[in-house]
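Here is how the chains run, residue by residue.
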Amino acid sequence: MRLSVILLAAGSSRRAGCDKLYISLGQKPALVMALEAFLQYENTHEVIVVSRADRVEANRELLAPYLGRIPVKFVPGGETRTDSVRCGLLAAAEDAELCAIHDAARPFVTQKIIRETTEAAFAHGAAAPALPLKDTTLHALDGFADGSIQRDAHFLVQTPQTFRRKEILEAYAKSDKVFTDDTSLWIAMGGKVFLTQGDENNYKLTTPYDMERNRSMNIRIGHGYDAHRFAPGRKLMLCGVEVPGDMGLAGVSDADVALHALMDALLGAAGLRDIGWHFPPSDPKYLGIDSLILLKETLEKLAEVGAAPASADVTIVAQAPKLSPYIDAMRQKLTEILGCPVNVKATTEEGMGFTGRKEGISAHAVALVNMKEGL
């Protein structure tokens, strides 16, 4: 599935009382968090950031540190949300099968929501996350309630709202009306939308109260440690980067000791036990596996419990080989994958211990994650 993501950031923020996409939520602006969520999804083919005309270049500059692995386009929006979506659709790649339209003002969207809506849209043509009503809902006229609405048949729709690209493009081309969201237009044009499970934390920053709700995020810290012996005839992989040499590290997987320490730190911060629990070495499917795959699966596990990496620091302890020429590549790779600042360092132990005797390599990692309150 080749997914084109249209990230809507062209609103006026009038009801919020501030430019809501640029307020800091934890350690990052809302716009950055919304972008990162889709950059982490494996089927994202491109992201199109639709901005107010006066914010296109400012948004390009703000998001520059997060660009590289996946193409990101910046286009000006229109006077209404409907106009802005149309601008984004026209910029989408022709080889994209699906288009996910997401309000950048929903920065807490999870990988679970993205994955489920994408898969449902692929199967049914259109999908959106939604929440059932919890409270009694009344119909009112002139300020007086004149009847209740059947709760079981009504839902609160969220974004991303995902469609087959060609069909939603045709729907927008045929319609000359203004809609508050894409499912409304789709249904008005005769389509049906499959509803997936929404998330109460996938709320939209709309009012000043919503600006305060981000304080429900809290920071937790985790530490990870791993060590592997040297072994002949194997590649030496550290932080997903191959380091040339005659010796690699022994292990069931590719034995990337630095990634293993980082995964343990991330899992520990989220209270999710350790890598041995999630990826048991006795399972043959992990034989020779690339640890970058395990890292991405670790991030998915974090996302499922509402945790997002905020920063990480990795220290590799090795008497040999010399690692300084590869540190920048390691740092860049991990920053792109985690979507947050990652620092990588290397040190020796002055000839002491098993690393000092060049028997193997060890690594320490510390990670900070944003967790939703109460988890």
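The structure we're discussing is the one just above.
Thresholds applied
- Residues numbered from 1 in each chain as written.
- Predicted model: local features only at pLDDT ≥ 70, side-chain atom pairs only at ≥ 80, totals over all residues.
- Heavy atoms only, no water.
- Axes fitted to C-alpha atoms, helices over the stretch in contact; angles between N-to-C directions.
- Helix = DSSP H or I, 4+ residues; strand = E, 2+ residues; numbered from the N terminus.
- Left-handed = near helix turned anticlockwise from the far one by under 90°.
- Contact = heavy atoms within 4.5 Å.
- Nonpolar A, V, L, I, M, F, W, Y, C, P; charged D, E, K, R; others polar.
- Phe/Tyr/Trp six-rings, centres within 6.5 Å; stacked < 30°, edge-to-face > 60°.
- Buried < 20%, exposed > 50% of the residue type's maximum accessible area, 1.4 Å probe, protein only.
- Lys NZ or Arg CZ within 6 Å of the ring centre and 35° of its normal.
- Disulfide = S-S within 2.5 Å.
- Polar contact = N/O pair within 3.5 Å; in protein donor to acceptor, adjacent residues only side chain to side chain.
- Core = buried A, V, L, I, M, F, W, Y, C linked by side-chain atoms within 4.5 Å.
- Expected span 1.5 Å × (residues − 1).
- Arc of directions from axis to C-beta.

(A) A look at the packing of helix H1 (residues 30-39) against helix H2 (residues 56-63). The N-to-C vectors of H1 and H2 enclose an angle of 65°; their axes lie 10 Å apart at closest approach. Judged by the twist between their axes, the crossing of H1 over H2 is right-handed. Within the contact between the two elements, H1 uses Leu31, Val32 and Leu35 and H2 uses Asn59, Leu62 and Leu63. Of the residues belonging to the contact of H1 with H2, the class tally is five nonpolar, one polar and no charged.

(B) Representation of the packing of aromatic side chains. Counting across every chain of the model gives three aromatic pairs. With 5.4 Å between their ring centres and 50° between their planes, Phe108 and Tyr203 make a pair best called tilted. Placement of Phe108 in the loop between strand E6 (98-103) and helix H4 (111-124) and of Tyr203 in the loop between strand E12 (194-197) and helix H7 (208-213) is noted, with a sequence separation of 95 residues between them. Here the two residues Phe108 and Tyr203 agree in accessibility, since each one is buried. The aromatic ring of Trp277 is capped on one face by Arg273, whose charged end is 3.5 Å from the ring centroid.

(C) Representation of the state of the cysteines in the model. Per the counting criterion, the structure on display carries zero disulfides. Counting only cysteine sulfurs, Cys99 is the nearest neighbor of Cys87, a cysteine outside any disulfide, at a range of 14 Å. Cys239 forms no disulfide, and the closest cysteine sulfur to it belongs to Cys340, at a distance of 13 Å.

(D) Representation of H1 in the model. Among the 10 residues that make up H1, 10 are buried, leaving the element largely enclosed by the rest of the structure. Among all positions of H1, only Ala30, Leu31, Val32, Met33, Ala34, Leu35, Glu36, Ala37, Phe38 and Leu39 are buried.

(E) Summary view of the side chain of Ser291. In this fold, Ser291 is placed in helix H10 (residues 291-304). Ser291 gets classed as buried once you look at its relative accessible area, which sits at 0%. A distance of 2.9 Å separates polar atoms of two side chains, one belonging to Ser291 and the other to His260.

(F) Fine view of the nonpolar core. The biggest cluster of nonpolar side chains holds 49 residues, and the ones touching the most others in it are Leu262, Leu295, Ile316 and Leu338. Contributing elements (two or more residues each) for this core: strand E14 (236-238), strand E15 (241-243), helix H8 (257-269), H10, strand E17 (307-317), helix H11 (327-338), strand E18 (342-347) and strand E19 (360-372). The greatest single-element share of this core, amounting to 10 residues, is contributed by H8. Counting residues in hydrophobic clusters, the runner-up holds 36 residues, among them Val47, Leu63, Ala120 and Leu205.

(G) Main features of H11. Over its 12 residues, H11 extends 16 Å from the first C-alpha to the last, a length consistent with the 16 Å expected when each residue adds 1.5 Å. Of all the residues in H11, the buried ones are Ile327, Met330, Leu334, Ile337 and Leu338. For H11, the angular spread of buried residues about the axis comes to 105°, placing them on one side. On its buried side, H11 packs onto E14, E15, H8, H10, E17 and E18. With its phi angle positive at about 70°, Gly339 sits one or two positions after the end of H11.

These results come straight from atomic positions and should not be treated as a statement about function.
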